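For reference, the chains in residue letters:
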Amino acid sequence: NKPLQLVGRWRRNDGNDEFLYPKQRAIDMHQELLLTYLNHLKSTKQNLSEILKNIAINNTVIVVTANMGQSELLMNLICSSRRRGLDTKNLLVFPTDVHTKELAESLGLTTFYDDHVS
């Protein structure tokens with residue numbers, strides 16, 4: 001049995017990694033971010049549960065995530081949906097920044113943005 005070792009996500013025909021595995025500094029940073037999320041998981045689930053109850057239609061919620069760079073795409077999605085008569089009341093946006101949160105809410109969308117984990 002060989003010990004586990006980190007490998008890239010893609011190997012070229014010559015055996016070299018196309019995408020190299022993350023360096024220890026990046027691994028540590030992401031583990032710290034994950035711990036922040038996990039430390040707030042209970043309150044996050046409670047908050048989300050209330051939101052989901054309020055917006056679900058036939059027990060269905062459409063989930064979208066967006067950031068400032070995708071804000072035009074988000075606006076296009078909503079405007080196109082509404083023009084076609086599609087209901088967006090059960091759409092929940094997980095914005096990754098305050099700008100996108102404010103934009104989504106100005107479009108009448110429900111958002112979930114948590115300062116602790118965003």
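What you see is a predicted model, and the numbers here were worked out from it, not measured in a lab.

**Things to note about the overall build of the chain**
What the chain contains, in helices and strands, is 4 helices and 5 strands. What you see in the chain, going N to C, is helices and strands ordered as β-β-α-α-β-α-β-α-β. Expressed as lengths along the three principal axes of its C-alpha atoms, the size of the chain is roughly 55 × 35 × 30 Å. Per-residue burial for the chain yields a buried fraction of 23% across its 118 residues. When contacts within the chain are restricted to residue pairs at least 6 apart in sequence, those whose partners lie at least 24 apart make up 56%. In the form shown here, the chain has an accessible surface area of approximately 9400 Å², with 53% of it arising from carbon and sulfur atoms. Side chains of the chain carry 14 positive and 13 negative charges; the gap between the two charge centres is 6 Å.

**Points about the environment of Met-68**
Tracing the sequence through the fold places Met-68 in the loop between strand 3 (62-66) and helix 3 (71-83). As for Met-68 and Lys-101, which are separated by 33 residues in sequence, their C-alpha atoms are 9.0 Å apart. If near-sequence neighbours (up to four positions away) are discounted, Met-68 is found in contact with Asp-97, His-99 and Thr-100.

**Considering the sheet that holds strand 4 (residues 91-95)**
Taken in spatial order, the 3 strands make up an open sheet running 3-4-5, and their pairing is parallel. Of all the strands in the sheet, just strand 3 and strand 5 (110-111) have a single pairing partner and so form its edges.

**A short note on the side chain of Ser-81**
Inspection of the secondary structure assignment puts Ser-81 in helix 3. Contact partners of Ser-81, with chain neighbours within four places excluded, come to Leu-86 and Thr-88.

**Notes on the pairing of strand 4**
The element strand 4 is largely enclosed, with a buried count of 4 among its 5 residues. Here 5 bridges tie strand 3 to strand 4, and the two strands are oriented parallel to one another. By the bridge assignment for strand 4, Ile-62 is matched with Leu-91. In this region the chain leaves strand 3, passes through helix 3 and returns to the parallel neighbour strand 4; the handedness of that crossover is right-handed. Following the backbone out of strand 4, through helix 4 (residues 98-106) and into the adjacent parallel strand 5, one traces a crossover that is right-handed.

Rules used in this analysis
- Residues numbered from 1 in each chain as written.
- Predicted model: local features only at pLDDT ≥ 70, side-chain atom pairs only at ≥ 80, totals over all residues.
- Heavy atoms only, no water.
- Helix = DSSP H or I, 4+ residues; strand = E, 2+ residues; numbered from the N terminus.
- Buried < 20%, exposed > 50% of the residue type's maximum accessible area, 1.4 Å probe, protein only.
- Contact = heavy atoms within 4.5 Å.
- Areas by Shrake-Rupley, 256 points an atom, 1.4 Å probe, with all protein chains shown as cover.
- Lys, Arg positive; Asp, Glu negative; His and termini not counted.
- Charge placed at Lys NZ, Arg CZ, Asp CG, Glu CD.
- Pairing = 2+ DSSP bridges.
- Right-handed = clockwise from strand over helix to strand, strands pointing away.

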